[in-house]
Amino acid sequence: MNDLTKYRFSFGPWNISEGADPFGVEVRSPFPHEEKYALYRPLGFEGVQFHDDDVVPGMDQYTHAQLIEKAGEVKTMLANQGLTPEFVAPRLWFAEQTTDGAYTSNSASDRAYAWERTKKCIDIARAINCKAIVLWLSREGTYIREAKCAKLAYQRILDTINAMLDYDSEIEIWIEPKPNEPMDHAYVPTIGHALALSFASKDHSRVKGLIESAHALLAGLDPSDEMAFALAHDKLASVHLNDQNGLKYDQDKNFGGANLRVAFNQVRVLEEAGYGKRGEFIGLDVKAMRTQRGCPVTAHLTNSRAMFLHLVEKVRSQDQTLIQQFRDARDYEGLELYILQHLLGMH
Ligand code: XLS
Ligand code: MG
């Protein structure tokens, strides 16, 4: 079992948000990334999740040498703050060239842009001493199915994964599935899809999964089962814990905020599998409520972290003998009441 203090936590600078949504502007003053990094340690976090342009804002305008130089400055800043870069993800959804997708775009020149950007992302990651590249395949999908050939799209994603493995022989690729948003239908909606790509790749030992709780819920699946599936294949590289209230827009609610029992089961599966013992992070991907007063807002991060640790204690204090008795007797009604009462602190 893990020592409670051994869990390491991470979040991305975008998690300290200004509260803008598609229907309104920022409600808190912009807060530069450099100032966010100083908050990590005091808040109890040591890992930083990055997009490539979180490391080098405006990266498309720079030469390769400038990119590496600017990334080097971030490496020094991280070292000074005692922080570890957990991963770098290419942001393949803001540029004009990614309007119709990146690796699966119907336009050859747009696909070429996506590949150039991916190589730059890998170079930036290496320049800050990070070997993990997250692929959240945001726009790899369609609004109408007739728009693209899905079979070809899957082949193009696999070809890109293989090309990335060739481009750098040390990086790992962590695929973060999500079933929708911004697209109506995404091509890699679940961890099953992600791991099929892994095993089809030329080096599956370097292609793993990152599971975000809300993404699994949006697919109508239980996040703890998605995590267990990846763990059963020894392919759970990271998690993005958060919560989601039903099938709506991607909410990134606080961990446990919508469904405490679903959160408990994620912690149970992670804890029982010894997740984290090899240095894997407990990543959060949570957004502060737009309606929350204050600036910057960080309570959603500390509260989600605290909730994770409370639930670890709940997992450890379960009466395993009693649970086994319920299972042996096939008394699942009794087991459910026991779990609910345990979560309520009744024993
Ligand atoms: C979006 C994703 C994103 C990734 C990193 O829904 O969760 O934040 O974690 O690109
Ligand atoms: Mg995420």
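Residues numbered from 1 in each chain as written. Chains lettered and ligands numbered in written order. Predicted model: local features only at pLDDT ≥ 70, side-chain atom pairs only at ≥ 80, totals over all residues. Heavy atoms only, no water.

1. Comments concerning the packing of helix α8 (residues 223–232) against helix α9 (residues 260–272)
Convention followed: Inter-axis angles, ranging from 0 to 180 degrees, are taken between N-to-C directions of lines fitted to C-alpha atoms, where helices are fitted over the stretch in contact. Each helix is a run of H or I in the DSSP string that is no shorter than four residues. Each strand is a run of E no shorter than two, and both are numbered from the N terminus. To sort the angles, those under 35 degrees are grouped as roughly parallel, those over 145 as roughly antiparallel, those from 65 to 115 as roughly perpendicular, and the leftovers as oblique. A clockwise turn of the near helix away from the far one marks a right-handed crossing, whereas an anticlockwise turn of less than a right angle marks a left-handed crossing. Contacts between residues were defined by any pair of non-hydrogen atoms, one from each residue, lying within 4.5 Å. Following the grouping adopted for this structure description, the nonpolar residues are Ala, Val, Leu, Ile, Met, Phe, Trp, Tyr, Cys and Pro, the charged ones are Asp, Glu, Lys and Arg, and the polar ones are all others, Gly among them.
The interhelical angle for the contact between α8 and α9, taken along N-to-C directions, is 15 degrees, at an axis separation of 8 Å. On the basis of their axis angle, the class for α8 and α9 is roughly parallel. The chirality of how α8 crosses α9 is right-handed. Along its contact with α8, which presents Pro-223, Ser-224, Met-227, Ala-228 and Leu-231, the element α9 presents Val-262, Asn-265, Gln-266, Val-269 and Leu-270. Among the residues making up the contact of α8 with α9, the classes are represented as seven nonpolar, three polar and no charged.

2. Section: the coordination of the magnesium ion (ligand 2)
Threshold: Sites may look incomplete because water is not among the atoms; the donors themselves are N, O and S atoms within 2.8 Å of the metal, or within 3.2 Å for Na, K and Ca. Geometry is assigned from donor-metal-donor angles: four donors are tetrahedral when every angle falls between 85 and 135 degrees, four are square planar and six octahedral when opposite donors sit over 155 degrees apart with all other angles between 65 and 115, and any other arrangement is irregular. Exposure is judged per residue with a 1.4 Å probe applied to protein chains only, and the accessible area is read against the type maximum: over 50% gives exposed, under 20% gives buried, and values in between give partly exposed.
All of the protein donors around the magnesium ion (ligand 2) are Glu-176 (OE), Glu-212 (OE), His-240 (ND1) and Asp-285 (OD); their distances to the metal are 2.0 to 2.3 Å. Given six donor atoms and angles of 80 to 170 degrees at the metal, the environment of the magnesium ion (ligand 2) is assigned as octahedral. In primary sequence terms, the donor set of the magnesium ion (ligand 2) follows E-x35-E-x27-H-x44-D. Taken together, the residues span a long stretch of sequence, with Glu-212 in strand β8 (residues 207–212) and Asp-285 in the loop between β10 (282–284) and α10 (299–316) at a distance of 73 residues. The exposure classification of Glu-212 matches that of Asp-285, with both residues buried.

3. Looking at the packing of helix α4 (residues 108–127) against helix α5 (residues 150–167)
Running from N to C, α4 and α5 cross one another at 35 degrees; their axes reach a closest spacing of 11 Å. The crossing of α4 and α5 is right-handed. Contacts between α4 and α5 pair Arg-111, Trp-115, Thr-118, Lys-119, Ile-122 and Asp-123 from the former with Arg-156, Thr-160, Ala-163, Met-164 and Tyr-167 from the latter. Its residues placed into classes, the contact of α4 with α5 shows five nonpolar, two polar and four charged.

4. Looking at the site of ligand 1
The cut-off we apply is this: Nearness is judged by heavy atoms alone; a residue qualifies as near a molecule or strand once a single heavy atom is within 4 Å of it. As used in this structure description, the phrase polar contact means that two N or O atoms lie within 3.5 Å; if the pair is within protein, one of them must be able to donate a hydrogen and the other to accept it, and residues adjacent in sequence are counted only when both atoms belong to side chains. Residue burial considers only the protein chains on display, and all accessible areas are found by Shrake-Rupley using a 1.4 Å probe.
For ligand 1, the full set of nearby residues is Trp-14, His-51, Trp-93, Trp-136, Glu-176, Lys-178, Glu-212, His-215, His-240, Asp-250 and Asp-285. In this structure, Asp-250 approaches ligand 1 through a side-chain N or O atom, which is 3.4 Å from an oxygen atom. One nitrogen or oxygen atom from the side chain of Asp-285 is found 2.9 Å from an oxygen atom belonging to ligand 1. In isolation ligand 1 has 290 Å² of accessible area, and contact with the protein removes 93% of it. In terms of residue class, the shell around ligand 1 is built from three nonpolar, three polar and five charged.

5. Quick word on the pairing of strand β9 (residues 236–241)
What counts is decided by this rule: Here a crossover is taken to be right-handed if, once the strands point away from the viewer, the path from the first strand over the helix to the second is traced clockwise.
A large share of β9 lies buried, amounting to six of its six residues. Crossover β9 to β10 through α9 is right-handed.

6. Concerning the environment of Ala-147
In this structure, Ala-147 sits in the loop between β5 (141–142) and α5. C-alpha separation for the pair Ala-147 and Arg-330, spaced 183 residues apart in sequence, amounts to 50 Å. With residues near it in sequence (within four places) discarded, Ala-147 still touches Asn-106 and Thr-142.

7. A few points about the packing of aromatic side chains
Under the convention used in this document: Paired rings are identified among Phe, Tyr and Trp, the last through its six-membered ring, by centres lying within 6.5 Å, and are further divided according to the angle between planes into stacked (under 30 degrees), edge-to-face (over 60) and tilted (the rest).
Following the criterion strictly, the structure yields twelve aromatic pairs and no others. Note on Tyr-7 and Phe-308: the rings are 4.9 Å apart at their centroids and 85 degrees apart in plane angle, and the pair reads as edge-to-face. Here Phe-308 lies in helix α10 and Tyr-7 lies in the segment before β1 (9–11), a separation of 301 residues in the sequence. Since its relative accessible area comes to 0%, Phe-308 is described here as buried. Ring geometry for Phe-326 against Tyr-338: centres 6.4 Å apart, planes inclined by 35 degrees, an arrangement best described as tilted. Here Phe-326 is found in helix α11 (residues 320–328), whereas its partner Tyr-338 is found in helix α12 (residues 332–343), with twelve residues between them in sequence.

8. A look at the nonpolar core
Selection rule: As used here, the term nonpolar core means buried Ala, Val, Leu, Ile, Met, Phe, Trp, Tyr and Cys residues forming a set that is joined through side-chain atoms within 4.5 Å.
With 86 residues, the main nonpolar core has Phe-50, Ile-161, Ile-175, Ile-282 and Phe-308 as its most contacted residues. Sequence-distant contacts of Ile-175, defined by excluding residues within four places in its chain, comprise Leu-135, Leu-137, Ile-161, Val-188, Ala-194, Leu-197, Val-207, Lys-208, Gly-209 and Leu-210.

9. Description of α9
What counts is decided by this rule: One less than the residue count of a helix, multiplied by 1.5 Å, gives the span that helix is expected to have.
Here α9 is 13 residues long and its end C-alpha atoms lie 18 Å apart, about the 18 Å a rise of 1.5 Å per residue gives. The element α9 is largely enclosed, with a buried count of ten among its 13 residues. Val-262, Ala-263, Phe-264, Asn-265, Gln-266, Val-267, Arg-268, Val-269, Leu-270 and Glu-271 are the residues of α9 that are buried. Its buried side turned inward, α9 meets α7 (213–218), α8, β9, β10, α10 and α12. Put simply, Asn-259 is the residue that caps the front of α9, since its side-chain oxygen is 3.1 Å from the backbone nitrogen of Arg-261. Immediately downstream of α9, the backbone of Gly-274 shows phi near 75 degrees, a positive value.

10. Notes on the side chain of Arg-28
This is how it is decided: Note on charges: Lys and Arg go in the positive column, Asp and Glu in the negative column, and His and the chain ends are not counted at all. Salt bridge criterion: a side-chain nitrogen from Lys or Arg within 4 Å of a carboxyl oxygen from Asp or Glu.
Inspection of the secondary structure puts Arg-28 in the loop between β1 and α1 (33–43). One buried charged side chain, Arg-28, makes no salt bridge at all; its nearest oppositely charged neighbour is Glu-18, positioned 6.8 Å away. At 3.2 Å, the side chain of Arg-28 forms a polar contact with the backbone oxygen of Ser-17. In this view, Arg-28 contacts Ser-17, Glu-18, Gly-19, Ala-288, Met-289, Arg-290, Gln-292, Gly-294, Cys-295 and Val-297; residues no more than four positions away in its chain are not counted.

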